[in-house]
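Spelled out, the chains give:
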Amino acid sequence: MKGLIPAAGKGTRMRPFTRAYPKELLPVGEKAVIEHAIHTLKEAGIEEIVIIVGWKQHAILDYLRSGEEYGVKITYAVQDERNGLAGAIKAGEHVIGNQEDFVVVLGDKYLESREVVKDLRDFHDKKDFDVTIGTQEVEEVESYGIIDPGKDNKVKGMIEKPSREQAPSNMGITGVYILSPEIFDIIEEIKKGKGDEYQLTDAIEKMRKQNFDVGYKGIVGEYIDVGTPGRLRRANKEINFRE
Ligand code: UTP
């Protein structure tokens, strides 16, 4: 199984830092946030990693290089237009291929537990789902993709950044997914959604409506979206970092 890390976003909420480099290089503890994602993938036995770059891409290439330092092989793919997360995933199609499922970890999310990807992968294989979404209970439902949880860890529906009234639960999509390569064709079929971007949530929801098995699993440990200055501060204040 290969890993894919989207890291092409402009990070407008993180300005002025992101005028100079992508938010994925901001430090959480002793490391850039994207390095934590690489370690988490490696811990799950995933050593072939595709990083999607775009905004300030050379800074990421200079920083991470071939991945040798982390014991992984990194390939870079460019998302030409910053048109949303689904667009970033699509940009990796030629490297990921259509043979096997792959795992996505967003490059701006800090996962405290390094077991998260391994657990999700084992669960995905055991259940034989087409898509498995890592979830966690969230307070601000308006800031997340929210799932409608069904029986046996199946998802009944999902909605991107709902209002409190619209939200079917408080189970937020964390930015860790296992996807089957059918997602690439589905992404081509979706229209732009919230924020005038191609939303991965819309693509997965479309797969679900076409009777693909979409499941969810709660993830353990702290999970922090490091996309705003306040949350970056929180991550650096609250988490006990390992070496
Ligand atoms: P965000 O939506 O939080 O990133 O995407 P953003 O658009 O850069 O942030 P703001 O809203 O302008 O502040 C979550 C993850 O998906 C990647 C980002 O780099 C981040 O890791 N992403 C997002 C892409 O790779 N491409 C995109 O077009 C959008």
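Residues numbered from 1 in each chain as written. Predicted model: local features only at pLDDT ≥ 70, side-chain atom pairs only at ≥ 80, totals over all residues. Heavy atoms only, no water.

Draft legend 1. Molecular detail of the site of the ligand. Neighbouring the ligand are 19 residues, the closest being Gly-11, Thr-12, Arg-13, Glu-24 and Gln-79. Within the contact set of the ligand, an oxygen atom lies 2.9 Å away from a backbone nitrogen or oxygen of Gly-84. About the coverage of the ligand: the protein hides 87% of its 570 Å² of free accessible area. Applying the majority rule of atoms within 2 Å of the grid points places the ligand in the largest pocket. Put simply, the parts of the chain that give the shell around the ligand at least two residues each are β1 (2–7) and α4 (85–91). For the shell around the ligand, the residue count by class is 5 nonpolar, 7 polar and 7 charged. (Near = heavy atom within 4 Å. Polar contact = N/O pair within 3.5 Å; in protein donor to acceptor, adjacent residues only side chain to side chain. Areas by Shrake-Rupley, 256 points an atom, 1.4 Å probe, with all protein chains shown as cover. 1 Å grid on protein atoms, 1.4 Å probe; cavity = no way out; pocket = protein on both sides within 12 Å on 5 of 7 lines; lining within 4 Å. Sits in = over half its atoms within 2 Å of the grid points. Helix = DSSP H or I, 4+ residues; strand = E, 2+ residues; numbered from the N terminus. Nonpolar A, V, L, I, M, F, W, Y, C, P; charged D, E, K, R; others polar.)

Draft legend 2. Quick look at helix α6 (residues 116–127). Taking 1.5 Å as the rise per residue, α6 with 12 residues should run 16 Å; its terminal C-alpha atoms sit 16 Å apart, in good agreement. For α6, every residue scored as buried is listed here: Val-116, Val-117, Leu-120, Phe-123 and His-124. All buried residues of α6 lie within an arc of 130 degrees about the axis, which places them on one face of the element. Where α6 terminates, the next one or two residues include Asp-128, which has phi positive at roughly 60 degrees. (Expected span 1.5 Å × (residues − 1). Buried < 20%, exposed > 50% of the residue type's maximum accessible area, 1.4 Å probe, protein only. Arc of directions from axis to C-beta.)

Draft legend 3. Spotlight on the layout of surface pockets. Roughly 950 Å³ of volume is contained in the largest pocket. What lines the largest pocket is a set of 38 residues, and nearest its centre among them are Arg-13, Lys-23, Leu-85, Lys-161 and Glu-197. Put simply, the parts of the chain that give the lining of the largest pocket at least two residues each are β1, α4, β11 (171–179), α8 (200–209) and β13 (223–225). In terms of residue count, the dominant contributor to the lining of the largest pocket is β11 (4 residues). Of the residues contributing to the lining of the largest pocket, the split by class is 11 nonpolar, 14 polar and 13 charged. The calculated volume of the second largest pocket comes to roughly 270 Å³. Lining the second largest pocket are Gln-136, Glu-137, Val-138, Glu-139, Glu-140, Tyr-144, Glu-222, Tyr-223, Ile-224, Asp-225, Arg-231 and Arg-234. Of all the secondary-structure elements, those providing two or more residues to the lining of the second largest pocket are β8 (131–137), β13 and α9 (229–238). Ranked by residues supplied to the lining of the second largest pocket, first place goes to β13 with 3 residues. (Points joined across faces, edges and corners; volume = space filled by probe spheres on them.)

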